[in-house]
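Given next are the chains, with one letter for each unit.
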Amino acid sequence: MNQQPHMSAMQTEITEAVERATAPLFADIRELKTMLSRALTPDDKAYFSIDEAAKILKLKPDTLRTKCRNGSIPFEREKGGRKMLIRRDVILAK
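What you are looking at is a predicted structure, and each value in this text was computed from that prediction instead of being measured.

A. Region of interest: the overall build of the protein. Broken down by element type, the protein carries four helices and three strands. Secondary structure elements of the protein occur, N-terminal to C-terminal, as α-β-α-α-β-β-α. Among the 94 residues that make up the protein, the fraction classed as buried is 17%. Here the analysis covers contacts within the protein between residues at least 6 apart in sequence; of these, 45% occur between residues at least 24 apart.

Quick look at the structure:
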């Protein structure tokens, strides 16, 4: 019967340790999103080619194409063409 308070204290300790460990990562993510949104001003284009998007996302173009084809990153095709385009808001969300 005395294990319940012990388990609660252990769960609290684990939760706090996880929060301490992940807090810097979440801060880095917020900073990167801010930097990216500043780099892409409203005057910038609404769509990026695979090569442009890959540079922004720090991926190889072939990796990005694969992610698009398997549905993990939404894309559109250029009208009447084969060229894959990724919307700016999709890149900002990554």
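B. Up close: the layout of surface pockets. Put simply, the largest pocket is a space of about 300 Å³. Taken together, Ile-29, Leu-32, Lys-33, Met-35, Leu-36, Ile-56, Leu-57, Lys-58, Leu-92 and Lys-94 make up the full set of residues lining the largest pocket. Residue assignment for the lining of the largest pocket shows that the elements contributing at least two residues are helix 1 (3–39) and helix 2 (50–57). Of the residues contributing to the lining of the largest pocket, the split by class is seven nonpolar, no polar and three charged.

C. Region of interest: the sheet that holds strand 1 (residues 47–49). Strand order in the open sheet formed by three strands is 1-3-2, with antiparallel pairing between adjacent strands. Looking at the sheet topology across the chains shown, the edges are occupied by strand 1 and strand 2 (76–77). The pairing of strand 2 with strand 3 (residues 84–87) spans two bridges and is antiparallel. Bridge pairing in strand 3 places Arg-77 opposite Met-84. Of the strands in this sheet, strand 1 and strand 3 touch helix 2, which is tilted by about 95° from strand 1.

What counts as what
Residues numbered from 1 in each chain as written. Predicted model: local features only at pLDDT ≥ 70, side-chain atom pairs only at ≥ 80, totals over all residues. Heavy atoms only, no water. Helix = DSSP H or I, 4+ residues; strand = E, 2+ residues; numbered from the N terminus. Buried < 20%, exposed > 50% of the residue type's maximum accessible area, 1.4 Å probe, protein only. Contact = heavy atoms within 4.5 Å. 1 Å grid on protein atoms, 1.4 Å probe; cavity = no way out; pocket = protein on both sides within 12 Å on 5 of 7 lines; lining within 4 Å. Points joined across faces, edges and corners; volume = space filled by probe spheres on them. Nonpolar A, V, L, I, M, F, W, Y, C, P; charged D, E, K, R; others polar. Pairing = 2+ DSSP bridges. Axes fitted to C-alpha atoms, helices over the stretch in contact; angles between N-to-C directions.

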